[in-house]
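What follows is each chain in one-letter form.
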Amino acid sequence: MSATAVKPDAPRGQRSVPDSVPAIVTAVALLALWEGAVKVLEIPAFILPTPSSVAIRIVDDLATGVILPHLWTTFIEVAVGFVLAALLGVALGTMVALVRALEKTIYPIVLALQTVPKVAIAPLLIIWFGYGIHSKAVTAGLIAFFPIMVNVIVGLKTVDHRRVLLMQALRAGPVKTYLKVRLPSMLPYLFAGLEVGIIFSVIGAIVGEFVGSSVGLGTLIIQRQATVDVAGVFSVLAYLSIMGLVLSLIIKAFAHRLTFWARSQEIVSP
Amino acid sequence: MTATAGALAQVPVLAAGASAPAPVLIEFDRVAKVYKAADGRPVRAVDSVKGEIRAGEFVSILGPSGCGKSTLMMMLAGLLRPSEGEIRFKGKPVTGPQEGFGIVFQDAVLFPWRTVQDNVRLPGEVRGLPRDEQIERAQAMIRLVGLAGFESKFPHELSGGMQQRVAIARALSLGPSLLVMDEPFGALDAMTREQMNLELQRISLESGATVVFVTHSIAEAAFLSDRVFVMSGRPSTVRDIVTVDLPRPRAIQQMNTDRFGVYVARLRGLLDAEGGHS
Ligand SMILES: Nc1ncnc2c1ncn2[C@@H]1O[C@H](COP(=O)(O)OP(=O)(O)O)[C@@H](O)[C@H]1O
Ligand SMILES: [Mg+2]
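Quick notes on the rules
Residues numbered from 1 in each chain as written. Chains lettered and ligands numbered in written order. Predicted model: local features only at pLDDT ≥ 70, side-chain atom pairs only at ≥ 80, totals over all residues. Heavy atoms only, no water. Contact = heavy atoms within 4.5 Å. Buried area = accessible area lost by both parts, 1.4 Å probe. Salt bridge = Lys/Arg side-chain N within 4 Å of Asp/Glu carboxyl O. Polar contact = N/O pair within 3.5 Å; in protein donor to acceptor, adjacent residues only side chain to side chain. Helix = DSSP H or I, 4+ residues; strand = E, 2+ residues; numbered from the N terminus. Nonpolar A, V, L, I, M, F, W, Y, C, P; charged D, E, K, R; others polar. Buried < 20%, exposed > 50% of the residue type's maximum accessible area, 1.4 Å probe, protein only. Near = heavy atom within 4 Å. Areas by Shrake-Rupley, 256 points an atom, 1.4 Å probe, with all protein chains shown as cover. Pairing = 2+ DSSP bridges. Axes fitted to C-alpha atoms, helices over the stretch in contact; angles between N-to-C directions. pLDDT = per-residue confidence, 0-100. Phe/Tyr/Trp six-rings, centres within 6.5 Å; stacked < 30°, edge-to-face > 60°. Lys NZ or Arg CZ within 6 Å of the ring centre and 35° of its normal. Expected span 1.5 Å × (residues − 1).

## With respect to the interface of chain B and chain A
Taken together, the contact pairs 20 residues of chain B with 17 residues of chain A. Carbon and sulfur atoms make up 72% of the area that chain B and chain A hide from each other, which totals about 1,900 Å². Linking chain B with chain A are three salt bridges. At the junction of chain B with chain A, the criterion picks out four residue pairs in polar contact (both at pLDDT 80 or more). The leading source of residues in the side of chain B that touches chain A is helix α3 (residues 122-127) of chain B, at four residues. For the side of chain B that touches chain A, the per-class residue count stands at 14 nonpolar, one polar and five charged.

Here it is, written out as C-alpha cells:
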C-alpha cells in the first residue's frame, strides 16, 4: 500500500552472484582436473575411472532400473532407523533431563555406552535381528540415537528458567509447561541433533549392509568391488550422497519453519 | 499502618486515611527469606517485612538493587515460599500462585515463537478458556497497551518498550485483581520509561487492579504510587512507608512541582539514611 513498504532491489553488480556459484565453479574445475589427469596419466579404469564414465554409469544405473531396489531398501532402513532414533531420543532425553532419579541412574550408563563404537556392534545385531532390513534399521537407529538424545537433554537443561517460572505463575501443570515451553524452547537443539542423526543413520545402514545382506546400496558396493567395477562403485556413492543430501535438506526445511525465531541462537552439536 | 496489621484481615474498614479506605487485600506478616549462599552459609535476604496493601492501591517497593525486592515479589506472587512469617491474600496465606494474579518480570519473558497475540492469550490458553474468548481478550488487552496493529508481529520485531507492553498485556489478559511488577521498566531508556509510566498509570486506573510495583527509581516510585514502601539494605525490611498524597492520574509536568519535590527528597533521604549500600 504505502511506498515505504516496497522492498528495495539489491543494488546491481553488488550481490548479483548467488552464494553457491563459487563452490559450483570450483567443483567443475576439480572434475575437469580429475578427467584430464586420468587421461594424461593413462590411469586404467579399474583403478580410477574418469568423471565422465562415472556420469554415464550413474545415468545407466537409473535407466536400467538396477539401482532402484537397492536405493529403496537402503532408504527404508535409514528412514525407519532414524524415526526410531528420533522418537527414542526425544522420549529418553526428556525423561533424563526432567526426572532427577533417571539423570542419576540412567544417564551415566548411556554416556558410558556412547563410547562403544556402535558400528562394531553391527555383526551382533545381525545375529539378533536377522539378515533382512530389521538389523540395518536397528544399526542406523542406534548410531543416530546418541546425538539426538544428547541434544534433547542439553536443550531441555538450558530452557530459560524465567519461562518456566511464568508458566508456574499461570498455574500450568507439568504437561502444559512441557508442551508450551520446554518442547518449543529445545527445538533448535533437537534439530541440530536430527541433522547429525540423519547422516549417522545413512552410515549405520551401509555398515549393516556391509556386514551381511542381499540388497541395498551397501550390498551393491560390495558386489561391484568384488568385480573391480570401480565406476559402478562411484555411481553407488553418488546415489548414497544424493540420498543423504535430500534427507538432510528435508530436516533443514523443517528446522527452518519451526525454529525461525532462533536464527541467531547458539546451538551445540556433539 | 501498624495499627491494622494482624488478625482483622477481612474487616473492610479501619479508618486509616482521609479518603474512604478499601478493604485490605494483602498482608505481609513478619515475612523473611533466608537463602543458602554458594558457600553454604545462610543469607538473610529479606527480614521481618510487615505491612498491608488495600484493594485498588498502587504501591511501590523502593530499594537499592540487591536489597531483596525481587525476593519479596516472588514470595508475594507465590513462586517462592517465605522462610518465616506469611503473606496473606484476601486473608488466606499465599502458598502458591493464585488465580487473579498478573505478573510482569524485569524482562518481558515473551515466547519468541509466538506472535504478540499468541503471547498475550497464553494465560487464557493455560486456563482453558474457549479459543474465541482467548483471542477477544488478547485483542482488547493489546489495544489497551497501545499495540493495536502489532498482533501478528513476533517479539524480535518489537522494541524493548513494546515487548514490555506485550508482557503487561499478557499479565492483564485474565483481568487480575492484583498486578505484581518487578522493575518492569528497568531496561528502558529515560524517555520510553516516562512514557511507559504514563501508560501504566492509565492502565492501572482503567483496570482498577491493585498494583505492587518494584523499582529502584525514586522519581518513578513517587510519580506512580499511592504509597511507597522504602526498603533498607540487607537484610532488608520495610524501613518506612511514604504516602504520596497527590490525586491520580498525575501529569508528567507535576514532577517539576515543589510538592512533588518534597516527596522525592523525602524518599531520597530515607534511602540515603541507610548508607553503605553499593
Ligand atoms: N536463589 C538465590 N540463592 C542465594 N541468594 C540469592 C538468591 N536469590 C537472591 N539471592 C540474594 O538475595 C539478595 C536479594 O536479591 P534480590 O531479591 O534479587 O534483590 P533485588 O531484586 O532487590 O535486586 C541478593 O543479595 C542476592 O544475592
Ligand atoms: Mg530484582
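## Thoughts on the pattern of salt bridges
Opposite charge on two side chains lets them pair, provided their charged atoms get close. With the rule as written, the count across this model stands at 27 salt bridges over all chains. With its nearest N and O atoms 3.0 Å apart, the salt bridge here joins Glu35 of chain A to Lys39 of chain A. In this pair, Glu35 of chain A and Lys39 of chain A are both assigned in helix α1 (residues 21-40), four residues apart and thus about one turn of the helix distant. By relative accessible area, Glu35 of chain A is classed as buried at 16%. Owing to a relative accessible area of 53%, Lys39 of chain A belongs among the exposed residues under this scheme. The residue Glu86 of chain B makes a salt bridge to Arg88 of chain B at a minimum N-O spacing of 2.6 Å. Of the residues examined, Glu86 of chain B reaches a relative accessible area of 30% and is grouped as partly exposed. Connected via shared salt-bridge partners are Glu27, Asp29, Arg30, Glu86 and Arg88 of chain B.

## A closer look at the site of ligand 1
Residue and element names in this part refer to chain B. Close contacts around ligand 1 come from Tyr35, Lys36, Ala45, Pro64, Ser65, Gly66, Cys67, Gly68, Lys69, Ser70, Thr71 and Arg234, and that covers them all. Between ligand 1 and Gly66 there is a distance of 2.6 Å, counted from an oxygen atom to a backbone nitrogen or oxygen. In the model, an oxygen atom of ligand 1 is placed 3.0 Å from a nitrogen or oxygen of the Gly68 main chain. In isolation ligand 1 offers 560 Å² of accessible surface; the protein chains occlude 63% of this area. Residue contributions to the shell around ligand 1 peak at three residues, all from helix α1 (residues 69-76).

## Quick look at the pairing of strand β4 (residues 84-89) of chain B
Residue and element names in this part refer to chain B. The sheet contact formed by strand β1 (residues 24-36) and β4 spans five bridges and is antiparallel. Paired with Ala32 across the bridge in β4 is Glu84. Here β4 runs beside strand β5 (residues 92-93); their pairing, made up of two bridges, is antiparallel. From the neighbouring strand, Phe89 faces β5, where its bridge partner is Lys92. Connecting β4 to the antiparallel partner β5 that follows it, the hairpin turn spans two residues, and Lys90 within it adopts a positive phi of roughly 50°.

## Some thoughts on the sheet that holds β5 of chain B
Residues and elements named next belong to chain B. Strand order in this open sheet of four strands is β2-β1-β4-β5, and the pairing throughout is antiparallel. The sheet is open, and its two borders are formed by β2 (42-54) and β5, each paired with just one other strand. Pairing of β1 with β2, which is carried by nine bridges, proceeds in the antiparallel orientation. Residue pairing in the sheet places Ile26 in a bridge with Ile53 of β2. Lying over the sheet, α1 contacts β1, β2 and β4, oriented at roughly 125° with respect to β1.

## So, the confidence of the model for chain A
Residues and elements named next belong to chain A. Mean pLDDT for chain A: 88, with 91% of residues reaching 70 or above. Contacts of residues 1-13 to residues separated by more than four positions or lying in other chains number zero contacts, the stretch itself having pLDDT below 50. Counting contacts from residues 265-270, a segment whose pLDDT is below 50, to residues more than four positions away or on other chains yields 14 contacts.

## So, the sheet that holds strand β7 (residues 178-182) of chain B
The pairing of strands in a sheet happens through backbone hydrogen bonds and is either parallel or antiparallel. Residue and element names in this part refer to chain B. Pairing within the open sheet is mixed, and its six strands lie in the order β6-β7-β8-β3-β9-β10. Looking along the sheet, the strands with just one partner apiece sit at the ends: β6 (101-104) and β10 (238-243). Along the sheet, successive strands turn relative to each other by an average axial angle of 15°, direction set aside. Pairing of β7 with strand β8 (residues 210-215) involves five bridges; the strand directions are parallel. Each residue of the ladder has a partner; that of Asp182, found in β8, is Val214. Sheet strands in contact with α1 are β3 (58-62), β6, β7, β8 and β9 (227-231), and its direction is about 155° off that of β7.

## Let's talk about the packing of aromatic side chains
Counted under the stated rule, the structure contains nine aromatic pairs over all chains. When the centroid spacing of 5.7 Å and the interplanar angle of 50° are considered together, the rings of Phe58 of chain B and Phe213 of chain B count as tilted. Of this pair, Phe58 of chain B sits in strand β3 while Phe213 of chain B sits in strand β8; the two residues are 155 residues apart in sequence, bridging distant segments of the chain. Classification of Phe213 of chain B by relative accessible area gives buried; the value is 0%. Aromatic ring contacts, followed pair by pair, group Trp261 of chain A together with Phe111 and Trp113 of chain B into a single cluster. Between the NZ or CZ atom of Lys118 of chain A and the centre of the ring of Phe146 of chain A, over which it lies, the distance is 4.4 Å.

## Focus on helix α6 (residues 190-207) of chain B
Residue and element names in this part refer to chain B. Here α6 is 18 residues long and its end C-alpha atoms lie 25 Å apart, about the 26 Å a rise of 1.5 Å per residue gives. Packed against the buried residues of α6 are β3, α4 (131-144), α5 (160-172), β7, β8 and α7 (218-224). Among the residues trailing α6, Gly208 stands out with phi positive, at a value near 70°.

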